Amino acid sequence: MRLHVADHPLVAHKLTVLRDKNTPSATFRLLVDELVTLLAYEATRHVRTHPHDIETPVTATTGVKLSEPSPIVIPILRAGLGMLDGMTRLLPTAEVGFLGLLRDETTYEAVTYANRLPDDLTDRQVFLLDPMLATGGTLVAAIDYALERGARDVTCVCLLAAPEGLEVVEKAVGDRVDVQVVVAAVDERLNDKKYIVPGLGDAGDRLYGIV
Ligand SMILES: O=P(O)(O)OC[C@H]1O[C@H](OP(=O)(O)OP(=O)(O)O)[C@H](O)[C@@H]1O
Ligand SMILES: O=c1cc[nH]c(=O)[nH]1
Ligand SMILES: [Mg+2]
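Parameters and conventions
- Residues numbered from 1 in each chain as written.
- Chains lettered and ligands numbered in written order.
- Predicted model: local features only at pLDDT ≥ 70, side-chain atom pairs only at ≥ 80, totals over all residues.
- Heavy atoms only, no water.
- UniProt positions renumbered as here; feature names shortened; annotations may be inferred.
- Axes fitted to C-alpha atoms, helices over the stretch in contact; angles between N-to-C directions.
- Helix = DSSP H or I, 4+ residues; strand = E, 2+ residues; numbered from the N terminus.
- Parallel < 35°, antiparallel > 145°, perpendicular 65-115°, else oblique.
- Left-handed = near helix turned anticlockwise from the far one by under 90°.
- Contact = heavy atoms within 4.5 Å.
- Nonpolar A, V, L, I, M, F, W, Y, C, P; charged D, E, K, R; others polar.
- Buried < 20%, exposed > 50% of the residue type's maximum accessible area, 1.4 Å probe, protein only.

The chain is annotated in an unreviewed UniProt entry as Uracil phosphoribosyltransferase from Xylanimonas ulmi. In its Pathway (unreviewed entry) section, the UniProt entry covering the chain states "Pyrimidine metabolism; UMP biosynthesis via salvage pathway; UMP from uracil: step 1/1." Regarding the chain, the relevant UniProt record gives this comment under Catalytic activity (unreviewed entry): "UMP + diphosphate = 5-phospho-alpha-D-ribose 1-diphosphate + uracil".

Below, the structure is given as structure tokens:
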């Protein structure tokens, strides 16, 4: 597993407003969208392209185009949905798959309630979106869905990660494949309820309200 932590004053500033418990949902949604755009720049550094000939008003030249098969972006519902628009804005040719995973708050195991992924992800570059990487159980389950469909190039885009969760993902993935994790920050630890500290609380609730 390769870890990339965004190191940028704009990311740090937006993250601070996001963490603030007094930030309302509307602002929270806007900030998540903006942060994803900044993280997507790093996360897509290795997106596949091929040479493409064009003519400028001045001369013929060769640029690049995003390659086929197109990348697939997979938000992990609910909270990952808040990251989808920001990601597809930068990756306009991407297709979108959906995974609904809910962390059981007594066992901390991820429970799948929705799966709308293609059966075959061979040769596809996969981008998993979830703002919170806490125990890592949810992300490992999502990575497994991608790997069992043949994906070998998986990038996870998260806002906050706990060191404990990163270790779990690292152990689960091992040397099996090239998994990259791009995060805005690695926080201190998990608390006794397995929430990220200092964190930002429950990302899904802050985006969409308590259900
Ligand atoms: O690393 P883990 O310990 O597995 O926890 C992280 C998961 O918990 C949150 O989702 P939640 O289960 O609250 O669902 P929601 O997005 O619908 O709120 C978060 O968005 C991750 O998916
Ligand atoms: O801190 C946490 C941990 C799990 N899920 C969240 O939304 N936040
Ligand atoms: Mg939640």
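**Student:** Which residues make up the packing of helix 1 (residues 9-19) against helix 2 (residues 25-43), and what values go with them?
**Tutor:** Closest axis-to-axis distance for the helix 1/helix 2 pair is 10 Å, and the angle between their directions is 155 degrees. Looking at the two axes, helix 1 sits roughly antiparallel to helix 2. For helix 1 against helix 2, the interelement crossing comes out left-handed. Across the interface between the two elements, L10, V11, K14, L15, V17 and L18 of helix 1 pack against F28, L31, V32, E34, L35 and L38 of helix 2. Here the contact of helix 1 with helix 2 is composed, by residue class, of 10 nonpolar, no polar and 2 charged.

**Student:** Residues and numbers for the packing of helix 4 (residues 137-148) against helix 5 (residues 163-173), please.
**Tutor:** Two elements in contact, helix 4 and helix 5, have axes separated by 9 Å at closest approach and are oriented at 25 degrees. Classified by the angle between their axes, helix 4 and helix 5 sit roughly parallel to one another. For helix 4 against helix 5, the interelement crossing comes out right-handed. Contact residues: helix 4 offers L139, V140 and I143, while helix 5 offers V168, V169, A172 and V173. Class assignment for the residues of the contact of helix 4 with helix 5 results in 7 nonpolar, no polar and no charged.

**Student:** Explain the UniProt feature "binding site: uracil" (unreviewed entry) in the chain residue by residue, including any values.
**Tutor:** The UniProt record annotates "binding site: uracil" (unreviewed entry) at I196, G201, D202 and A203. Tracing the backbone shows I196 in strand 13 (residues 196-197). I196 gets classed as buried once you look at its relative accessible area, which sits at 7%. Setting aside residues no more than four positions away along its own chain, I196 makes contact with M132, L133, A134, L160, A161, A162, D187, R189 and L190. Counting through the fold element by element, D202 comes out in the loop between strand 13 and helix 6 (203-208). Among all residues touching D202, those that are not within four sequence positions of it are R78 and Y195.

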